[in-house]
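# Understanding the architecture of this molecule
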Amino acid sequence: MKKLALILLAIFLSAPISALLSVGADYLFTEPVEIQGYNYNPPIWATVVVVALYEIPVYIIVGIPVTYLIDFLVLKFSPHAHRLKEYVTLLIGYSIVSLIFSFYLLNNDFEGYFMIIIPVFTYFHILWCLRARYGD
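Fair warning: this is a prediction, and the values are worked out from it, not measured in the lab.

The subject of this paragraph is the packing of helix H1 (residues 2–29) against helix H2 (residues 44–77). Where H1 contacts H2, the two axes come as close as 7 Å, and the packing angle between them is 135 degrees. Accordingly, the angle class assigned to the pair H1 and H2 is oblique. Considering only the axes of H1 and H2, their crossing is right-handed. A per-class count over the contact of H1 with H2 returns 21 nonpolar, five polar and three charged.

Tallied over the entire structure, the rule returns six aromatic pairs. Judged by centre distance (6.3 Å) and plane angle (65 degrees), the rings of Tyr94 and Tyr123 are edge-to-face. Here Tyr123 lies in helix H4 (residues 110–134) and Tyr94 lies in helix H3 (residues 83–105), a separation of 29 residues in the sequence. According to the relative accessible area criterion, Tyr94 is buried, its value standing at 3%. Judged by its relative accessible area of 4%, Tyr123 falls in the buried class. Each ring, one from Phe124 and one from Trp128, has its centre 6.3 Å from the other, and the planes form 35 degrees; the classification is tilted. Note that Phe124 and Trp128 are positioned in helix H4 at a spacing of four residues, about one turn of the helix. For the pair Phe124 and Trp128, one class covers both residues: buried.

Our focus in this paragraph is H1. Think of an α-helix as turning once every 3.6 residues; residues three or four places apart then point the same way. For H1, built from 28 residues, the straight-helix expectation of 40 Å at 1.5 Å per residue is met to within 8% by its first-to-last C-alpha distance of 39 Å. At Ser14, H1 is deflected by roughly 35 degrees, the largest bend along its length, and proline Pro16 occurs up to four residues later in sequence. Turning to H1, its buried residues number three or more, namely Leu6, Ile7, Ala10, Ile11, Ser14, Ala15, Ser18, Ala19, Ser22, Val23 and Ala25.

Of all hydrophobic cores here, the largest spans 23 residues; its most connected members are Leu90, Tyr94 and Tyr123. For this core, the secondary structure elements donating two or more residues are H1, H2, H3 and H4. When residues in this core are grouped by element, the largest group, nine residues, is from H4. In this view, Leu90 contacts Ile70, Asp71, Val74, Phe124 and Trp128; residues no more than four positions away in its chain are not counted.

Parameters at a glance
- Residues numbered from 1 in each chain as written.
- Predicted model: local features only at pLDDT ≥ 70, side-chain atom pairs only at ≥ 80, totals over all residues.
- Heavy atoms only, no water.
- Axes fitted to C-alpha atoms, helices over the stretch in contact; angles between N-to-C directions.
- Helix = DSSP H or I, 4+ residues; strand = E, 2+ residues; numbered from the N terminus.
- Parallel < 35°, antiparallel > 145°, perpendicular 65-115°, else oblique.
- Left-handed = near helix turned anticlockwise from the far one by under 90°.
- Nonpolar A, V, L, I, M, F, W, Y, C, P; charged D, E, K, R; others polar.
- Phe/Tyr/Trp six-rings, centres within 6.5 Å; stacked < 30°, edge-to-face > 60°.
- Buried < 20%, exposed > 50% of the residue type's maximum accessible area, 1.4 Å probe, protein only.
- Expected span 1.5 Å × (residues − 1).
- Bend = angle between axes of the 7 residues up to and from the residue.
- Core = buried A, V, L, I, M, F, W, Y, C linked by side-chain atoms within 4.5 Å.
- Contact = heavy atoms within 4.5 Å.

Okay, here's the thing in structure tokens:
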């Protein structure tokens, strides 16, 4: 139960942070939209809130099973790993999952890869810090 609580806490902490990072990256990569001769971008904070609200169900539906799967595989293949080796193994696992998810959802969209990779790595690092602080 403690493991699920840490995962849910990581989800609710990483959703707004990754939304802010994703929207910030999107603003860097895209040109402003021109409407009737004026440059227009939607308000950044409203976009962050919408993206964060969208990310929470995706984190819950996809993130929880993937977290349990990656934890199971890491524990199975290296049960007594050093903290650094465990970190690298988990990072590789989450990287592979984010790339698979990116290729499955997107077709050669460079900006779209960042919209998948940023939330995955944000969630991973927040979960890693919570596990280091509160144990697992």
